[in-house]
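The residues making up each chain are set out below.
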Amino acid sequence: MCAIAGIIDLKHENEICEKMLATMLRRGPDDKGICQSERCALIHSRLAIIDLERGRQPMTLEYQGEGYTIVYNGELYNTREIADELIKLGHEFQGHSDTEVLLHAYAQWKDACLERLNGIFAFAVWEHKHEKLFLARDRMGVKPLFYKLHEGGLIFSSEIKTILAYPTVKAELDWEGAAQVLLLGPGRAPGSGVLRGIQEVEPGWCGRYEDGRLFLRQYWRLEDRPHEDSLIRTVDKVRFLVTDAIRRQMVSDVPIGTFLSGGLDSSLISAVCASQMRSSGERLKTFSVDYVDNDVHFVPNKFQPNADSHYIRIMQEYLGTEHHWTILTPEDLVAALEDATH
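Residues numbered from 1 in each chain as written. Predicted model: local features only at pLDDT ≥ 70, side-chain atom pairs only at ≥ 80, totals over all residues. Heavy atoms only, no water.

Asks: How should the overall build of the chain be read in this particular structure?
Replies: A tally of helices and strands in the chain yields 10 helices and 15 strands. Against the globule reference of 20 Å for 342 residues, the chain gives a C-alpha radius of gyration of 22 Å, in line with a compact fold. Projected onto its principal axes, the C-alpha positions of the chain cover 60 × 50 × 45 Å. With 342 residues in all, the chain has 43% of them scored as buried. Summing over all exposed atoms, the chain offers an accessible surface of approximately 19,400 Å²; the carbon and sulfur share of this is 54%. Positive and negative charge centroids in the chain, built from 38 and 51 side chains respectively, lie 3 Å apart. (Helix = DSSP H or I, 4+ residues; strand = E, 2+ residues; numbered from the N terminus. Rg over C-alpha atoms; globule rule 2.2 N^0.38 Å. Buried < 20%, exposed > 50% of the residue type's maximum accessible area, 1.4 Å probe, protein only. Areas by Shrake-Rupley, 256 points an atom, 1.4 Å probe, with all protein chains shown as cover. Lys, Arg positive; Asp, Glu negative; His and termini not counted. Charge placed at Lys NZ, Arg CZ, Asp CG, Glu CD.)

This is how it looks when you write it as structure tokens:
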């Protein structure tokens with residue numbers, strides 16, 4: 001994952017940007033960047049997966065007399081298809097990162113580019129000439145995106161703590177936020193950031209900030225339709241959709257590994273990845289977590305008659321993966337509690 005943040009129409013000198021960036025580095029330890037203009041600062045910390053050298057952010061593009069700068073957290077699974085379409089329209093690319101493709105897509109189609117995106121994302125684009133910001137979040141809300149209208153400007157980020165790092169923002173809990181903590185915690189109401197004035201761009205929504213105002217709209221919603229396929233047709237469709245989704249997520253310039261918990265989801269993902277890699281002569285690396293003496297203290301029940309490690313070993317042997325265990329002690333967990341709440 002990566003982290004993004006931005007400050008519009010507020011003070012954004014280096015000290016402020018660096019303070020906000022410091023809260024983001026755990027999400028993106030591989031690289032970092034800040035882009036500043038008169039009205040805007042965009043901040044990014046990167047976990048590098050694709051095009052390690054030329055996928056750095058914030059990324060800027062000059063296209064048809066307009067300058068665009070993007071900060072983006074996510075992954076597009078149809079990058080190649082979109083790039084091919086853009087190339088036919090005259091676009092040229094310096095690398096092969098999905099960030100660059102998304103930036104060109106926005107320059108070409110503006111917010112209509114969202115209709116073409118197959119992926120998970122939260123991103124913001126600053127249009128330098130027109131001095132306005134575009135924000136968007138993926139359809140299911142996999143990637144987080146929070147914002148606060150503050151003192152005549154806008155602050156946005158991947159995490160609430162980054163907004164709280166802005167010098168004049170206070171962590172204030174109002175009645176609605178307190179009710180959510182007490183009645184919904186650890187969940188939140190859709191669109192809420194719990195703390196006073198902090199809100200969330202909801203899944204399937206996008207927005208534009210200009211002239212001191214934020215305009216949000218829903219660009220996608222889940223719709224129910226009659227299911228008219230036969231059982232065989234349904235099985236074929238589900239098989240294709242699941243395997244296609246997994247294979248598209250295997251596009252990477254760094255080694256591929258999967259987390260293997262022994263459950264259905266991780267076992268299925270690992271099986272598809274292992275098969276795909278085996279066909280090219282590679283061996284999948286799998287990773288699991290267990291606890292010291294868990295085999296001694298585990299108490300079986302009807303829901304889980306065996307510890308996870310039992311199923312993990314079955315799948316690891318069946319798939320023939322290169323497996324790695326992380327064994328935690330109670331001391332490890334206690335030591336990580338404080339960091340986990342930051």
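Asks: For this particular structure, what's the right way to read helix α7 (residues 264–278)?
Replies: Along an α-helix, residues three or four apart share an orientation, since each turn contains 3.6 residues. The end-to-end C-alpha distance of α7, which contains 15 residues, comes to 21 Å, matching closely the 21 Å that a straight helix rising 1.5 Å per residue would cover. All buried positions along α7 are accounted for by S266, S267, S270, V272, C273, A274 and M277. Where α7 is buried, its residues touch α6 (231–248), β13 (257–259), β14 (285–291) and α9 (308–319). (Expected span 1.5 Å × (residues − 1). Contact = heavy atoms within 4.5 Å.)

Asks: Would you take a moment to explain the sheet that holds β13 for this structure?
Replies: Pairing between the strands of a sheet comes from backbone hydrogen bonds, and it takes one of two forms, parallel or antiparallel. Sheet architecture is open: three strands sit in the order β13-β14-β15, paired in parallel fashion. This sheet does not close on itself; its edge strands, each paired only once, are β13 and β15 (322–328). Shown here is a sheet whose adjacent strand axes are inclined to one another by a mean of 25 degrees, direction ignored. Inspection of the sheet shows β13 paired to β14 by three bridges, in the parallel sense. By the bridge assignment for β14, G257 is matched with K285. α7 rests against β13 and β14 of the sheet, and its axis sits at about 165 degrees to β13. On the sheet, α9 packs against β14 and β15 and is oriented at approximately 165 degrees with respect to β15. (Pairing = 2+ DSSP bridges. Axes fitted to C-alpha atoms, helices over the stretch in contact; angles between N-to-C directions.)

Asks: I'm lost on a nonpolar patch on the surface in this one. Help?
Replies: A cluster of nonpolar side chains, L173, V181, L182, L183 and L184, forms an exposed patch at the surface whose accessible area comes to about 550 Å². Positionally, V181 belongs in helix α5 (residues 175–183). (Patch = residues over 30% accessible without salt bridge, like charges linked within 9 Å, V, L, I, M, F, W, Y side chains within 5 Å. Salt bridge = Lys/Arg side-chain N within 4 Å of Asp/Glu carboxyl O.)

Asks: Just to check I follow, could you spell out the side chain of R137 for this structure?
Replies: On the secondary structure map, R137 appears in strand β7 (residues 132–137). Owing to a relative accessible area of 4%, R137 belongs among the buried residues under this scheme. Within the structure, the side chain of R137 is placed 2.9 Å from the backbone oxygen of G141, a separation counted as a polar contact. If we skip the residues at most four places from it in the chain, R137 touches F121, A122, K143, P144, L145, E200, V201, E202, P203, G204, W205 and Y219. (Polar contact = N/O pair within 3.5 Å; in protein donor to acceptor, adjacent residues only side chain to side chain.)

Asks: Would you take a moment to explain the pairing of strand β8 (residues 146–150) for this structure?
Replies: As a general feature of sheets, a regular strand has side chains that alternate between the two faces. Among the five residues of β8, four are classified as buried, and the element is accordingly described as predominantly covered. Note: β8 against strand β9 (residues 153–157), five bridges, orientation antiparallel. When the bridges of β9 are listed, K148 appears paired with I155. Hairpin remark: β8 followed by β9, antiparallel, with two residues in the connecting loop; positive phi at E151, about 50 degrees. Bridge count between β8 and strand β10 (residues 198–200): three bridges; the pairing is antiparallel. Note that in β10 the partner of K148 across the bridge is I198.

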